[in-house]
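Commentary on secondary and tertiary structure
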Amino acid sequence: MAKKILEVRNLRTYFHTFKGTVKAVDDVSFDINEGEILGVVGESGGGKSVTGFSVIRLIEEPGKIETGEIIYNGENLMKKSENQMNKVRGKDISMIFQDPMTSLNPVYTIGKQIEEVLLLHEKDLTKSQRKQKCIELLKSVGISNPESRMKSYPHQFSGGMRQRVVIATALAASPKLIIADEPTTALDVTIQAQILKLMQNLVEEHGCALMLITHDLAVISEIADRINVMYCGKIIETGNTKDIIKEYKHPYTEGLINSIPDLDKDKKKLESISGIVPNMFDLPEGCNFSPRCRYCKQICKEEEPELQQVGQSHYIACHFPLKGGEK
Amino acid sequence: MKTEAQTINNIGTKNSKWKLFLKSEFFYNYKRSVLAIIGSIIIISVILIAIFGPLFTIQDPYNMSEIELNNAYTPPAWIEGGESTFILGTDQQGRDMFSAIVYGSRVSLVIGIVSTLLSSVLGIALGIISGYFGGKVDALIMRIADVMLSFPTMLIALFVMSVLGRGVVNILITLTIVGWVKFARTVRGEVLSVKKQEYIEATKVIGLPNLKIILKHVFPNVLTSIIVLVTMQVGSNILTEATLSFLGLGVPITRPSLGMLCSNGFDVLYSGMWWVTIFPGLYIMLIVFGINLLGDFLRDELNPKLK
Amino acid sequence: MNTILKVKNLEQRFELDKGILGKIKFKNGKFVKEERIVRAVNDISFSVDKGKVFSLVGESGCGKSTTARTIIKLIEPKGGTVEFAGENITDLTRTEMLKYRKRMQMIFQDPYASLNSKQKVLNIITEPMLFHGVAASKSEAKEKALDILGKVGIRPEQATRYPHQFSGGQRQRIGIARALAVEPEFIIADEPVSALDVSIQAQILNLLMDLKKEYNFSYLFIAHDLSVVKHISDDLGVMYLGKIVEKGSKVNIFDNPLHPYTKALFSSVPKLSGTNLKNSKGIRGEIPSSINLPSGCYFHDRCPYAKQICMEKMPTEREVENGHFVLCHLY
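About the criteria used
Residues numbered from 1 in each chain as written. Chains lettered and ligands numbered in written order. Predicted model: local features only at pLDDT ≥ 70, side-chain atom pairs only at ≥ 80, totals over all residues. Helix = DSSP H or I, 4+ residues; strand = E, 2+ residues; numbered from the N terminus. Rg over C-alpha atoms; globule rule 2.2 N^0.38 Å. Buried ≥ 20, exposed ≤ 12 C-beta atoms within 10 Å, placed from the backbone. Contact = placed C-beta atoms within 7 Å. Nonpolar A, V, L, I, M, F, W, Y, C, P; charged D, E, K, R; others polar. Axes fitted to C-alpha atoms, helices over the stretch in contact; angles between N-to-C directions. Parallel < 35°, antiparallel > 145°, perpendicular 65-115°, else oblique. Left-handed = near helix turned anticlockwise from the far one by under 90°. Pairing = 2+ DSSP bridges. Core = buried A, V, L, I, M, F, W, Y, C linked by C-beta atoms within 7 Å. Domains from an automatic or database assignment.

Now for the overall build of chain C. Along its length, chain C carries 12 helices and 14 strands. For chain C, whose C-alpha radius of gyration is 22 Å, the value lies close to the compact-globule estimate of 20 Å for 331 residues. Taking the principal axes of its C-alpha atoms as reference, chain C extends roughly 65 × 55 × 40 Å. Per-residue burial over chain C gives 50% buried out of 331 residues. Considering only residue pairs separated by 6 or more positions, chain C has 66% of its internal contacts joining residues 24 or more positions apart.

With that settled, the discussion passes to the interface of chain A and chain C. The interface of chain A with chain C comprises 37 residues on the first partner and 31 residues on the second. For the side of chain A that touches chain C, the elements supplying multiple residues, two or more each, are α7 (189-206), α8 (217-223), α9 (241-247) and α10 (251-259) of chain A. At eight residues, the largest contribution of residues to the side of chain A that touches chain C is made by α7 of chain A. For the side of chain A that touches chain C, the per-class residue count stands at 16 nonpolar, 12 polar and nine charged.

Turning our eyes to something else, we now look at the packing of helix α4 (residues 121-131) of chain C against helix α6 (residues 168-180) of chain C. Residue and element names in this part refer to chain C. At a minimum axis separation of 8 Å, α4 and α6 run at an interaxial angle of 20 degrees. Taken together, α4 and α6 sit at an angle that is classed as roughly parallel. Between α4 and α6 lies a crossing whose hand is right-handed. Facing Val 121, Ile 124, Ile 125 and Pro 128 of α4, the residues of α6 in contact are Ile 174, Ala 177 and Arg 178.

Residues and elements named next belong to chain C. In spatial order, the strands read β4-β1-β6-β7; together these four strands make up an open sheet with antiparallel pairing. Of all the strands in the sheet, just β4 (37-49) and β7 (87-88) have a single pairing partner and so form its edges. Direction of pairing for strand β1 (residues 3-15) relative to β4: antiparallel, over a ladder of nine bridges. Its bridge partner being in β4, Glu 15 is matched across the sheet by Ile 37.

Turning next to the environment of Lys 112 of chain A. Residues and elements named next belong to chain A. Mapped onto the elements, Lys 112 comes out in helix α3 (residues 110-121). With 15 C-beta atoms counted inside 10 Å, the residue Lys 112 sits in the partly exposed group. A sequence separation of 38 residues divides Lys 112 from Met 150, and the C-alpha atoms of the two residues are 7.8 Å apart.

It is worth spelling out the nonpolar core at this point. Formed by 254 residues in total, the largest nonpolar core has its most connected members in Leu 177, Met 211 and Leu 212 of chain A together with Ala 177 of chain C. In this structure, this core is formed jointly by two domains, domain 1 (4-36 + 50-230) and domain 2 (232-327) of chain A, each of which donates at least three residues. Ignoring sequence-local partners within four residues, the contact set of Ala 177 of chain C consists of Ile 125, Ile 148, Leu 149, Val 152 and Ile 154 of chain C.

Looking now at the packing of helix α8 (residues 168-195) of chain B against helix α10 (residues 210-246) of chain B. Residues and elements named next belong to chain B. Packing of α8 against α10 leaves a shortest axis separation of 9 Å and a crossing angle of 155 degrees. Between α8 and α10, the interaxial angle falls into the category roughly antiparallel. Where α8 crosses over α10, the two elements pack in a sense that is right-handed. Between α8, through Ile 171, Leu 175, Gly 179, Lys 182, Phe 183, Thr 186, Val 187, Glu 190, Val 191 and Val 194, and α10, the contact on the second element is made entirely by Val 218, Asn 221, Val 222, Ser 225, Ile 226, Leu 229, Gln 233, Asn 237, Thr 240, Glu 241 and Leu 244. Each residue belonging to the contact of α8 with α10 can be placed in one class, and the counts come to 11 nonpolar, seven polar and three charged.

Another aspect to go through is the interface of chain B and chain C. Taken residue by residue, the interface counts 20 residues in chain B and 24 residues in chain C. Put simply, the parts of the chain that give the side of chain B that touches chain C at least two residues each are α1 (2-10), α9 (198-206) and α10 of chain B. Looking at the side of chain B that touches chain C element by element, the count peaks at seven residues for α9 of chain B.

Below, the structure is given as structure tokens:
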């Protein structure tokens, strides 16, 4: 049994806006093991990004983490002060954002930006050691001639190269867990392939865990070990990648998978999920997915389903689990 | 995420503009902004006083027959030697300061508002033409604007006023000449960004004529940024007018504005008759303060870049 | 006559340095005249058959959206010709173009930027109708608009609302309805689903295909997502740096990709089966800037099969099998 690096228990993050409360993350529990890639997938409004930000407690007004435990390496992060949290962020858990164009500061050279992280979290390094580390990091993310590239500014890099720099920055303090929020969404498909491969290799080399948040189920199925499917702030299905893709049991997962046009198969018509994501201020009674679900029965409109085990480490929240990837 | 949720939430609402406004985030934030509410209260009170104030003043300060020279330099009511008839005292001609301020604020407000409207209309028109058509017209308009901006506003205003001479119309012309530049530049910038939006491309794909695109599609979308500018400009024009009048280049002596009232008392300020200058001065400050409070709120709310 | 759109040797470029002053640069202690030109579309030709879907696919910066905007004359072409229904529309003036505007329409990418937020949905649809005389009166326009909105899945009582009251997918439906309003024969769809969630993307793709069946449109479909392209198109062209490097029918290209770039694209697509990336090599490098185009074949510096000739000479288009063209020295 692999060691758990992160345990999230009953996390609730709410946004108190002028129109009411949005339960962006509502009673979510999950674990990440050492060296594992956990994919979090869902559509916009599913709460996947908020979950990521909650883990490192970067939730700003009007959002608030209401309850829950975030246990990193045996310590409950919720009990830490803001100062203590700053030591965790970047050092133990780091984050990669969606837009490589805005997540680097345009007025500093990329060498400076990586060094800054080292200065903050690896205080015993000397200046030349820091420089050496920067070069190693840039090399490890596939940037050729790192010595001269260190002196370049972000605008001198293309989008894919910038995302490599962002990844190098995230790796700088050798974190145990990296949270990547849609890291390849802004990139072209050939570049996306390069970055995904790079992340997969880095996770293997450094032995850190990766929480990969994305809307693209295909991306996740390429690199993740386990998948959490989120809908309206809840995890509705979780399990190993193979279980989710081949043996999905939740109608929403089924809908997501069938919505994707497949390069390998010819589909006459895509089986889309009808309707739209419900109003987050006014969620339906019972199961959140019931208004869009084609298997919906009376009980779905009345009672909210609990997560139940349907296979080894495969859980779903549905009253009527599908029978193993049936169509 | 938040915006998506809000969008969806909006779907169920009834579509009356007023109801939409009351439910909007803008109004929600307004209700919670103490400063914006203070600003609005000041502005509304000032306007109400300007409109209905003359009903309560004890004299018409412009009517020389109602003024008695005997009353000159009466101090405010709460100071020794003050009279309860003249709450804020009187000036060198025996004019009641309270009445003078009420009447003077009408002149100041009218000049502030009308000059802003004139300069905004001119500036918006030039800004839209400049931004939408670009090319040589754009270059010409913007170079003129650059030249205007390279001189201090006050210098241009003083120059124009000394050429045209005193008078309410002349001061309106002056303020329009110095004021349009700000509008033109802001509007041009907005138009440049709106022009790139896909909904403008869509109108071109449909083939709509330029005038229609400008009026129906470009103008409404640059309006919000203009509202902020208009609000702030009213305050700044009141100040410019006050300065010009204070320097003796503004409104005629027969129709004193607040700035002119300040100037009237300036000679005797150090002889102990401070109230003649201070009260009109404080009132100008209050008006501009109120406008700026509201303007700041509007800027924070309506500027999409801050969101 | 079953070709609706014929594009021949189309070129588009943008000057980055405008005016004489802009062209003067200070370099190595000297003033030099230097012009930077973005060569967005470089000599491309293709045609769209009536009732068919032709897709242009490629990564960002390959010129596919510029091609679309040039065809519909949002930007004037810098070279080549565009024939629409047999007529050369390349040099038509604004007014001459009007009757073609009614026949060709466009669907845009960003559902949040493509609708005027100050206009009610109903007016968004009736405006082009009244302008082009598709409806004689306001009441007739309203009736027709509600009918079209119904077809794209917007209920009549929603028609008096403003765009911000709709979700992204619904806004895209409204954008589609606007394009349908003038009853066009040909629709250019510029990445119509790339900004949408997967489940909504499937709904919109289905809607586009249903409408095509009902009205017998032809589409020029611009996309970067190969799986979407495969699902929707009959024919396609793969673009790289303003060139069509490979074009042909869907079957030709997907079953037998020839150009090294097409192959690289295919192997980079993540798949649900989760096996594509692990086994593929992908390609190295990134798209070069279209200001300084590479010499010879534009793809040579990323191409695993590049030979001497690739660095020197731009290949010419060759028909490898019936209707399957490729721009590569290997064939």
